[in-house]
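Fold and geometry: a report
Read off the chains here:
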Amino acid sequence: MSSRKGYQSQRKTYGGGKSPQKKSEDLIKFFKDKIASKKNWSEYPVIDFAPKSGDAYKIAEAFKKESKSTQNKSTQLRKFYDQALKAKLKLQGSNDKEALNNAISIMMMIEPRAYYSFSRGYITQAVIDFISTALDKSKFRTNTKEEFEEDYNRFLKFFESVISYNTFLKGD
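Residues numbered from 1 in each chain as written. Predicted model: local features only at pLDDT ≥ 70, side-chain atom pairs only at ≥ 80, totals over all residues. Heavy atoms only, no water.

**Some thoughts on the side chain of Q76**
Secondary-structure assignment places Q76 in helix α5 (residues 74–91). For Q76, a relative accessible area of 11% puts it in the buried group. Among the polar contacts made by the side chain of Q76, one reaches the side chain of S117 at a distance of 3.2 Å. Setting aside anything within four residues of it in sequence, one finds Q76 in contact with S117, Y122 and I123. (Helix = DSSP H or I, 4+ residues; strand = E, 2+ residues; numbered from the N terminus. Buried < 20%, exposed > 50% of the residue type's maximum accessible area, 1.4 Å probe, protein only. Polar contact = N/O pair within 3.5 Å; in protein donor to acceptor, adjacent residues only side chain to side chain. Contact = heavy atoms within 4.5 Å.)

**What about the environment of S161?**
Looking at where S161 falls in the secondary structure, it is placed in helix α9 (residues 145–170). Measuring from C-alpha to C-alpha, the distance between S161 and Y57 comes to 7.5 Å, with 104 residues separating the pair along the chain. Not counting residues up to four positions away in its chain, the partners in contact with S161 are F49, A50 and A56.

**Digging into the packing of aromatic side chains**
Enumeration according to the criterion identifies 17 aromatic pairs in this entry. Seen from their ring centres, W41 and F158 are 5.4 Å apart, and the 50° between their planes marks the pair as tilted. Taken together, the residues span a long stretch of sequence, with W41 in the loop between α2 (20–36) and α3 (46–49) and F158 in helix α9 at a distance of 117 residues. W41 gets classed as buried once you look at its relative accessible area, which sits at 1%. Ring centres of Y44 and F49 lie 5.5 Å apart, and the angle between their planes is 80°; this geometry places the pair in the edge-to-face category. Assigned by exposure class, Y44 and F49 land together as buried. (Phe/Tyr/Trp six-rings, centres within 6.5 Å; stacked < 30°, edge-to-face > 60°.)

**Things to note about the packing of α5 against α9**
With their axes 10 Å apart at the nearest point, α5 and α9 run at an angle of 160° to one another. In terms of their interaxial angle, α5 and α9 are classed as roughly antiparallel. Two packed elements cross with a definite hand, and for α5 against α9 that hand is left-handed. Across the interface between the two elements, S74, L77, R78, F80, Y81, A84, L85, A87, K88 and L91 of α5 pack against K145, F148, E149, Y152, N153, F155, L156, F159, E160, I163, N166 and T167 of α9. In terms of residue class, the contact of α5 with α9 is made up of 13 nonpolar, four polar and five charged. (Axes fitted to C-alpha atoms, helices over the stretch in contact; angles between N-to-C directions. Parallel < 35°, antiparallel > 145°, perpendicular 65-115°, else oblique. Left-handed = near helix turned anticlockwise from the far one by under 90°. Nonpolar A, V, L, I, M, F, W, Y, C, P; charged D, E, K, R; others polar.)

Below, the structure written as structure tokens:
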């Protein structure tokens, strides 16, 4: 019994005594708060997320800290990103409201697919929180195709940055 106590007192702590999962929860909360402070994606400057000191790197760190080696792989994240790219195809060459609605529908289907991957153990709660926050429909202006595309393109840049840093950190 005394050897068990010795083991517990020798365990490493991360981030000032916080567990790795707690630290990733803090980073996701930071992201949620940052996104909540913006009216839409186009208000999120690339300079805030693209550099290694930016928000995309921090999110990728949260994914890495919370995951096992078989979770949050870049291929899983890439599936969601590829789904978002399909929305661009719906918008190309059309200016009608139906094309815009189809693109929005494609974007909104990413979240349910993420929950499916989560239920299968392929991604962690941090990825779910990221996707749910990032795809909040209020962050995509839908009055015109141009407004939607502006927000959509900024979202894609952010998501691409997260995937790139995730690949770098996980080495997969």
